[in-house]
Amino acid sequence: MSSGETVVVTGFGPFRQFLVNPSWKAAQGLEVVGLGEHLSVYIKELPVSYEKTQRIIAEIWQTVKPKFAIHLGIARGSSAVILEQTGKNCGYRDKDVCGYCPKSFCCVEGGSEKLDSIINMRVVSKEFQRAGMDVIYSRDAGRYLCDFAYYCSLYHGQRRAALIHIPSTGSLSSADRLVPLLQTLIKAMLCQDLLEMEQTDDSSHSFF
């Protein structure tokens, strides 16, 4: 990636027993350690609210114009890091912290049923599994605020987004272990994205 580019990292605000959401703490940790000297990290806390999250995600892509967006959410009861491939548009019937759910139960009315990240999460997860890390691939992000935010970001960012569910239990729930792993995971995703761009650029040229 070229100099001066921005990667957005979001975490969620308070939710149920989490007065300080671990996903937001992880985002703050990533801001401290960074993602490389040529990238700036812009962090944003998302409220556990459909309406506010929808507005904030759209504003991020319109005003910050990031190269990529990483959304962090917590997987309660999981001890693994989960890489989500797909954001779903419909089926949001569980109420948020404000007691609200979208009237249409959708992220974007008229939008595609689902959107996949430009990153191949299966490839990334296998790479880390081979290194002995507890990283899992998933295509079902849960139809709540994490999934909702992910789809909105994939929609506004032309699929240049990722959703990582972080563990709530086990050794990887410790910030000391989690943040360095997230840093390495995100760098791997960005490298894959750069390679994809280069391949696309190469294929766009015709030689006669």
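In what follows, the structure referred to is the one given above.
Below you will find a few notes about this structure. (Residues numbered from 1 in each chain as written. Predicted model: local features only at pLDDT ≥ 70, side-chain atom pairs only at ≥ 80, totals over all residues. Heavy atoms only, no water.)

## Focus on the overall build of the protein chain
The condition is simple: Each helix corresponds to a stretch of at least 4 residues labelled H or I by DSSP, and each strand to a stretch of at least 2 residues labelled E; elements are numbered beginning at the N terminus. All radius of gyration figures rest on C-alpha atoms, and the globule criterion is 2.2 Å times the number of residues raised to 0.38. Burial classes: relative accessible area under 20% of the type maximum marks a residue as buried, over 50% as exposed, and values in between as partly exposed (1.4 Å probe, protein chains only). Throughout, a contact is declared for two residues whenever any of their heavy atoms are within 4.5 Å. Per-residue and other accessible areas were derived by the Shrake-Rupley procedure at a 1.4 Å probe size, with only the shown protein chains allowed to occlude residues. We score Asp and Glu as negative and Lys and Arg as positive, and we do not count His or the chain ends. The atom standing in for a charge is NZ when the residue is Lys, CZ when it is Arg, CG when it is Asp and CD when it is Glu.
Counting its secondary structure elements, the protein chain contains five helices and eight strands. Along the protein chain, helices and strands appear, N-terminal first, in the series β-α-β-α-β-β-β-β-α-β-α-β-α. In terms of overall size, the protein chain behaves like a compact globule, its C-alpha atoms giving a radius of gyration of 17 Å where 208 residues would be expected to give roughly 17 Å. Viewed in the frame of its principal axes, the protein chain has a C-alpha envelope of about 60 × 40 × 30 Å. Counting across all 208 residues of the protein chain, residues that qualify as buried make up 50%. Contacts in the protein chain between residues at least 24 apart in sequence constitute 80% of all its contacts with a sequence separation of at least 6. When the accessible surface of the protein chain is split by element, carbon and sulfur atoms take 50% of a total near 10300 Å². The centroid of the 22 positive side-chain charges in the protein chain is displaced by 6 Å from the centroid of its 22 negative side-chain charges.

## Comments concerning the side chain of H165
Quick reminder of the rule: For this analysis, a polar contact is any N or O atom pair within 3.5 Å, provided that within protein one partner can donate a hydrogen and the other can accept it, and provided that sequence-adjacent residues contribute only side-chain to side-chain pairs.
Mapped onto the fold, H165 is located in strand β8 (residues 161-167). A polar atom in the side chain of H165 sits 2.9 Å from the side chain of E84. In this structure H165 touches G73, I74, A75, A80, V81, I82, E84, A141 and C146, once residues within four positions along its chain are discounted.

## Some words on helix α1 (residues 22-33)
Which entries qualify depends on this criterion: Helix span is expected to be 1.5 Å times the residue number reduced by one.
Helix length check: α1 (twelve residues) gives 17 Å between terminal C-alpha atoms against 16 Å at 1.5 Å per residue, within 8%. Taken together, the buried positions of α1 are occupied by S23, W24, A26, A27, G29 and L30. Just downstream of α1 lies G34, where phi reads positive at about 75°.

## Focus on the sheet that holds strand β4 (residues 81-84)
In plain terms, the rule: A strand pair is defined by DSSP finding two or more bridges across the two strands. Here, axes are lines fitted to C-alpha atoms. For helices the fit covers the stretch in contact, and angles between N-to-C directions go from 0 to 180 degrees.
If you walk across this open sheet you meet the six strands as β2-β1-β3-β8-β4-β7, and the pairing is mixed. Whereas interior strands pair on both sides, the edge strands pair on one side only; in this sheet they are β2 (39-46) and β7 (135-138). In this sheet, adjacent strand axes meet at a mean angle of 25° when their direction is disregarded. Both β4 and β8 contribute to a ladder of three bridges, which runs antiparallel.

## Considerations on the side chain of T86
Take T86: it is sitting in strand β5 (residues 86-88). T86 gets classed as buried once you look at its relative accessible area, which sits at 1%. Separated by 2.5 Å, the side chains of T86 and D116 make a polar contact. Within the local environment of T86, its side chain forms a polar contact with the side chain of R139, the two groups lying 3.2 Å apart.

## Considering the packing of helix α2 (residues 50-64) against helix α4 (residues 145-156)
Note the threshold: To sort the angles, those under 35 degrees are grouped as roughly parallel, those over 145 as roughly antiparallel, those from 65 to 115 as roughly perpendicular, and the leftovers as oblique. Handedness of each helix crossing follows the sense of rotation of the near helix against the far helix: counterclockwise by less than a right angle gives left-handed, clockwise gives right-handed. Note that Gly is not counted as nonpolar here; it falls among the polar residues with everything else outside the nonpolar set of Ala, Val, Leu, Ile, Met, Phe, Trp, Tyr, Cys and Pro and the charged set of Asp, Glu, Lys and Arg.
Between α2 and α4, the least distance of the axes is 9 Å, while the angle of their chain directions is 30°. Relative to α4, the element α2 is oriented roughly parallel. For the pair α2 and α4, the sense of crossing is right-handed. When α2 is examined against α4, the residues Y50, T53, Q54, I57, A58 and W61 are found in contact with a partner set consisting of L145, F148, A149, C152, S153 and H156. Split into classes, the residues belonging to the contact of α2 with α4 amount to eight nonpolar, four polar and no charged.

## Quick notes on the pairing of strand β3 (residues 68-75)
Among the eight residues of β3, eight are classified as buried, and the element is accordingly described as predominantly covered. Both faces of β3 are covered, namely the face carrying F68, I70, L72 and I74 and the face carrying A69, H71, G73 and A75. For strand β1 (residues 5-12) and β3, the ladder comprises four bridges, and the chain directions are parallel. For V7, the partnering residue across the bridge sits in β3 and is F68. The pairing of β3 with β8 spans seven bridges and is parallel.

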